[in-house]
Amino acid sequence: MKLYGGKSSPSKKTNETSVPLTPEEQEIKARILRRRKKAMKRQAILFGGIALSAVAIIALLFNIFIRPPDISEKPTEVMTDDKGNIILPSEGQPTLGIENDDEEHEGRKEDYYTFLLCGLDQDKTRADTIMAVSYDVPNGIVNVMNIPRDTIVDANRKIKKINSGYTKGIENLKKEVKSVTGIPIDRYVIIDFKGFEEIVDAIGGVKYNVPVRMKYDDPTQDLHIDLQPGMQTLNGKKALHFVRFRKCNSGESGGYPGGDVERIQAQQEFIKAVLKQLASPTKILQLDDIWDAVYNNVETDLSLSEIVWFGMRAITMNGENIHMSTMPGYDKYLYEADFGHMQSYYIPDEAAILEFVNANLNPYTDDITKLHLKDISGYATSDPNKKNEKPVEETTQAPTSAVEPTEAPTEAPTENTEPTEAPTEAPTEAPTEAPTEAPTEAPVIEPAETTTAAQ
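It should be emphasised that the depicted structure is a prediction, and the values quoted were computed from it without experimental measurement.

What counts as what
- Residues numbered from 1 in each chain as written.
- Predicted model: local features only at pLDDT ≥ 70, side-chain atom pairs only at ≥ 80, totals over all residues.
- Heavy atoms only, no water.
- Core = buried A, V, L, I, M, F, W, Y, C linked by side-chain atoms within 4.5 Å.
- Buried < 20%, exposed > 50% of the residue type's maximum accessible area, 1.4 Å probe, protein only.
- Helix = DSSP H or I, 4+ residues; strand = E, 2+ residues; numbered from the N terminus.
- Contact = heavy atoms within 4.5 Å.
- Salt bridge = Lys/Arg side-chain N within 4 Å of Asp/Glu carboxyl O.
- Pairing = 2+ DSSP bridges.
- Axes fitted to C-alpha atoms, helices over the stretch in contact; angles between N-to-C directions.
- Parallel < 35°, antiparallel > 145°, perpendicular 65-115°, else oblique.
- Left-handed = near helix turned anticlockwise from the far one by under 90°.
- Nonpolar A, V, L, I, M, F, W, Y, C, P; charged D, E, K, R; others polar.
- pLDDT = per-residue confidence, 0-100.

Quick word on the nonpolar core
One recurring pattern in soluble globular proteins: nonpolar side chains tend to sit buried together.
Point 1. F196, V206, Y208, M214, L234, F242 and F270 are the most contacted members of the largest nonpolar core, which totals 31 residues.
Point 2. Of all elements in the fold, only α3 (193–202), β5 (206–210), β6 (214–218), β7 (223–227), α4 (236–244), α5 (259–278) and α6 (287–297) reach the threshold of two or more residues within this core.
Point 3. In terms of residue count, α3 provides more of this core than any other element does, 5 residues in total.
Point 4. With residues near it in sequence (within four places) discarded, Y208 still touches G230, M231, Q232, L234, F242, A266, E269, F270 and A273.

Rendered as structure tokens:
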């Protein structure tokens, strides 16, 4: 026998010899071996049964609790006051004409869902970023259509911009989005500045090629943007600065040479980069941090089981199948009689919207054929109270392409939903160039504009 670290020692010879077993002893030995095999077989069957039962229970629980949204049509909710009296539209609800005039459709596409993504302004009273999203689960395709915040809607309020629809709640905003797109909204997601920063930080920042020099300071908003062009990883704060940037301060070089057209395209590409990183399998190890950031800063009507159901499918999604676009339309400067001032509105192009929606966002098996848009034929293009005023030149343009967005419309002076003071009046002469106020279309998360803001 050889020992570790020692020398081999000769084996001792013994006189012991192997004695053959008798037939009775051989039978006993065989019987013992058979019993052992049967015992091992029973144990294997038992453990296998337990494992299969566990898998079945997990699958059952998965089917019970992890499921897609229930998108069955729900009856229209009727609003009542404290005494139970029905509140008519003229008593506070927006007049959209969509409650009793919805199109009848043949049915819904299988595993095809729609969402409303909202980025709130700084005081969280308006949805300055409004996106209609469709998710075609079987084909792994996501389409995102940005709805400009100055889009005019047929609403019962003084200023009829869609971003003010949020002041009456998310359900009201969902109705206004449907009125200009024709699509029902299955679920919504709302985020603000803090949430955007924390989510970007949770995914480890976003690697992005900043296209231009961005330098802007506005002490009134405590906003100080200073980004150099080039490939870099933007943390939450810098990412927020990127999406809020419009132009450099006077005298500073930089900014988007192509104006709002280039700015909108850059922001959409940035959003796409964020979504691709969120869906990346490499983020599995950061799911805890990402979940905390989302849970603490996002408001949604998605249940936990629905979030898990979508998340499991999003992990395998190809980032190239996320498509960004802008709702077709054009900007127009109109006199808002209900408000008593000129307003810059974004006018939806019904034919172009229907064509794009039916190709990319329609959850129905048949086409959407009509929208519920505001009739602007009675609007004046100049202030009738100023007798010597020349008609304000319309800032109309070709309808914004859903694939290659054109310049976003110019925003009118900042308004409150029910203003108590008249804001800065519109120019009394026809402008020779676009106003310098903020553009109609908001980036993903953009602050509420003020009349004193330089951007």
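From this point, things continue past the structure.
Observations regarding the pattern of salt bridges
A side chain with one charge can pair with a side chain of the opposite charge if their charged atoms come near.
Point 1. Applying the stated rule across the entire model yields 12 salt bridges.
Point 2. For the salt bridge of K124 with D192, the shortest nitrogen-to-oxygen distance reads 2.9 Å. Taken together, the residues K124 in the loop between β1 (112–120) and β2 (127–136) and D192 in the loop between β4 (187–191) and α3 connect sequence positions 68 residues apart.
Point 3. Residue K124 is classed as partly exposed on the basis of its relative accessible area of 47%.

Some details on the sheet that holds β2
Point 1. Ordered in space as β9-β4-β1-β2-β3-β10, the 6 strands form an open sheet in which the pairing is mixed. Looking at which strands have only one partner, the edges of the open sheet turn out to be β9 (298–300) and β10 (322–326). Taking the axes of each pair of neighbouring strands and ignoring which way they run, one obtains an average angle of 20 degrees across the sheet.
Point 2. For β2 and strand β3 (residues 141–146), the ladder comprises 6 bridges, and the chain directions are antiparallel. Bridge pairing in β3 links V133 to V144.
Point 3. Those strands touched by helix α2 (residues 170–181) are β1, β2, β3 and β4, and its axis lies near 120 degrees from that of β1.
Point 4. Against the sheet, α6 touches β4 and β9, its axis set at about 70 degrees to β9.

As for the packing of α3 against α4
Point 1. At a minimum axis distance of 7 Å, the contact between α3 and α4 shows a crossing angle of 125 degrees. When the axes of α3 and α4 are compared, the pair comes out oblique. Seen along the crossing, α3 lies across α4 with a hand that is right-handed. Here F193, F196, E197, V200 and D201 of α3 come into contact with α4, specifically with G236, K237, A239, L240, V243 and R244.
Point 2. Taken together, the residues of the contact of α3 with α4 sort by class into 6 nonpolar, 1 polar and 4 charged.

Remarks on unusual backbone geometry
Point 1. Look at D111: it is not a glycine, yet its phi comes out positive at around 50 degrees.
Point 2. The residue D111 is located in the loop between α1 (23–65) and β1 in this model.

Re the confidence of the model for the protein chain
Point 1. Mean pLDDT over the protein chain works out to 74, with 69% of the residues at or above the 70 mark.
Point 2. Considering each helix and strand of the protein chain separately, the mean pLDDT is smallest for α1, with a value of 71, and largest for helix α8 (residues 350–360), with 96.
Point 3. Note that pLDDT drops below 50 for residues 75–82; the model gives that stretch 10 contacts with residues more than four away or on any other chain.

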